[in-house]
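# Breakdown of the fold
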Amino acid sequence: MTNRFAHRLLVPAAVALTLGLARQLPAVVVHGDGGAAVDAYLSCLSEFGISGALYVAKDGEVLVEKGYGLANRTSGARVSAESPFLLGSLSKQFTAAAILALEADGKLTVEDSLGRFFPEAPPATRRLTLEQLLAHTSGLPYFSQRDFFESRPRDSVMREMLELPLAFSPGSKYLYSSPGYTLLAGVIERASGQSFEDYLKHRIFERAGLTRTRCLAPSLRDTADLRLVHSYSSDHDE
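Below: a short report on this structure. Everything numeric in this text was worked out from a predicted model, so none of it was measured.

### What to know about the sheet that holds strand 4 (residues 52-58)
Pairing is antiparallel in the open sheet, where 3 strands are placed in the order 3-5-4. One side of each edge strand has no neighbouring strand; the edge strands of this open sheet are strand 3 (29-30) and strand 4. Two elements, strand 3 and strand 5 (residues 61-68), share 2 bridges in a ladder whose sense is antiparallel. Residue pairing across strands places Val30 opposite Val64, the latter belonging to strand 5. In this fold helix 1 (residues 32-46) packs onto strand 3, strand 4 and strand 5, with an angle of close to 15 degrees to the strand it touches most, strand 5.

Here you go:
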């Protein structure tokens, strides 16, 4: 395969980093006593550095649709209700949903081993089941040792993940593992015959009505026009 992964697609932390794309919405909605209470609380949090966009509805009525805090600490740009965010490791839930969709479509079962899809894997990794990868009980480590944001050919990424040493006997413990979800993304490609991005778009996002959600490809440099909320980790600029 000749396409390249960025971390934003399916290397270590997120597997399918997705975002809400901008659309035309009312600038601010704060409705009723309930909406006012939520707005007061989030406004207070924003003074302590919390940033986010919030949508709250009850019984079909929108109570709050508003952005809070800074989208970029350098420029001072503020978050709006339309601001698109990177989802980080919350994107793992989309990868898990795609695996279950493939099971529903008869393309795999969660009891399958990695060896079904990666016969070239080392013996220890070949025996891991998809269920263990989904549940973070495979024994694979938290992260690989490579640069977190490095972009590399997909096959190279898969080989690295398959060759990682196991930290414990599969199924015996829990250890949050991003490499496990990288491998699940590779399984999705091999089981579906589609790229990870295309499968997520057509089988998950479109069917769920997630018209503003997408995978980032091939890198953040291609998304400047989307006005992404700038990414920070505590006080570190990412």
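### A word on unusual backbone geometry
Keep in mind that most residues, glycine aside, have a negative phi and that most peptide bonds are trans. Look at Asp59: it is not a glycine, yet its phi comes out positive at around 55 degrees. With respect to the element layout, Asp59 can be found in the loop between strand 4 and strand 5. What makes Asp59 exposed here is its relative accessible area of 77%. Unusually for a residue other than glycine, His136 sits at a positive phi of about 60 degrees.

### What about the nonpolar core?
Looking at soluble globular proteins, one finds that nonpolar side chains tend to be buried together. Formed by 35 residues in total, the largest nonpolar core has its most connected members in Leu114 and Leu200. Where this core is concerned, the elements lending two or more residues are helix 2 (92-104), helix 4 (130-134), helix 5 (154-162), helix 6 (178-192) and helix 7 (196-205). It is helix 6 that contributes the most residues to this core, 7 residues altogether. If near-sequence neighbours (up to four positions away) are discounted, Leu114 is found in contact with Thr125, Arg126, Leu128, Leu130, Leu133, Leu162, Leu183 and Val187.

About the cut-offs
- Residues numbered from 1 in each chain as written.
- Predicted model: local features only at pLDDT ≥ 70, side-chain atom pairs only at ≥ 80, totals over all residues.
- Heavy atoms only, no water.
- Pairing = 2+ DSSP bridges.
- Helix = DSSP H or I, 4+ residues; strand = E, 2+ residues; numbered from the N terminus.
- Contact = heavy atoms within 4.5 Å.
- Axes fitted to C-alpha atoms, helices over the stretch in contact; angles between N-to-C directions.
- Buried < 20%, exposed > 50% of the residue type's maximum accessible area, 1.4 Å probe, protein only.
- Core = buried A, V, L, I, M, F, W, Y, C linked by side-chain atoms within 4.5 Å.

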